[in-house]
Amino acid sequence: MADNAPTVPLRSPLSPVADRLAAATRSSRGAIRLAELPFLTQLNVRLDAKGAAAEAVGLALDLQLPLQPNTVVRAGELTALWLGPDEWLLVGPPGGERDLESRIREAAGDEPVSVTDVSAQRTTLLVTGPRAHDLLAHGCSLDLHPRSFGSGHCAQTTLGRTQVVLVARDEPRAGFWVLVRASFAGYLADWLLDAATEYV
């Protein structure tokens, strides 16, 4: 029997403010760029960092899980964020959740591992431009100077009173990823847009 259920197009948490983010970017004349990176694959992985599973998973993904606190490792389109001594967030292109989870579970074999798809839990804001540090500093207590929070660093913190995972991207002038829960994304976008008026 054919499935005649109507398909509903995916709608990202920040689609209602996409035009406002683009307008703020244009108005800043290159000082900042704000955009949503919707639907990224996000898997929360927990395993023993010193166990056999960590090495096996790293080999299977061609990416060693970072062991230093608040660091990021990137290989190809996959990024691993250190969240705790036995916890990582793997971020990849949209639609890769099942394949990535399968590869992790297969690599771990009988070793204990927890893999949770949290892709729908958060969306990602891209904040770039020469004034990105200044913009984020308005609402974040971390020292975001590149000497303290340079490329390859991440942190679970608050931005504008909202819990986020903040990632300093590793490409030149790549700025930051701000991973925020979908239910708080609209509020945080409004906060960023308000803070960005200084550069408009």
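Now for a look at the structure at hand. (Residues numbered from 1 in each chain as written. Predicted model: local features only at pLDDT ≥ 70, side-chain atom pairs only at ≥ 80, totals over all residues. Heavy atoms only, no water.)

## Details of the overall build of the protein chain
Part 1 of the argument: On a plain count of helices and strands, the protein chain comes out with 5 helices and 10 strands.
Part 2 of the argument: Scaling as 2.2 N^0.38, a compact globule of 200 residues should have a C-alpha radius of gyration of about 16 Å, and the protein chain matches this with 18 Å.
Part 3 of the argument: The principal-axis extents of the C-alpha atoms in the protein chain amount to approximately 55 × 55 × 25 Å.
Part 4 of the argument: Taken over 200 residues, the protein chain has a buried fraction of 46%.
Part 5 of the argument: Sequence-distant contacts, at least 24 apart, represent 62% of the contacts inside the protein chain between residues at least 6 apart.
Part 6 of the argument: Surface exposure of the protein chain reaches about 10,800 Å², of which carbon and sulfur atoms provide 50%.
Part 7 of the argument: Here the protein chain contributes 18 positively and 23 negatively charged side chains, and the mean placements of these two sets differ by 9 Å. (Helix = DSSP H or I, 4+ residues; strand = E, 2+ residues; numbered from the N terminus. Rg over C-alpha atoms; globule rule 2.2 N^0.38 Å. Buried < 20%, exposed > 50% of the residue type's maximum accessible area, 1.4 Å probe, protein only. Contact = heavy atoms within 4.5 Å. Areas by Shrake-Rupley, 256 points an atom, 1.4 Å probe, with all protein chains shown as cover. Lys, Arg positive; Asp, Glu negative; His and termini not counted. Charge placed at Lys NZ, Arg CZ, Asp CG, Glu CD.)

## With respect to the sheet that holds strand β3 (residues 72-75)
Part 1 of the argument: What the 5 strands build is an open sheet, ordered β3-β4-β5-β2-β6; its pairing is antiparallel. Because the sheet does not close on itself, it has two edges, and the strands there are β3 and β6 (113-117). Across the sheet, the mean angle separating the axes of adjacent strands is 20 degrees when strand polarity is ignored.
Part 2 of the argument: When β3 meets strand β4 (residues 78-84), the two strands line up antiparallel, connected through 4 bridges. Residue pairing in the sheet places Val73 in a bridge with Ala80 of β4. (Pairing = 2+ DSSP bridges. Axes fitted to C-alpha atoms, helices over the stretch in contact; angles between N-to-C directions.)

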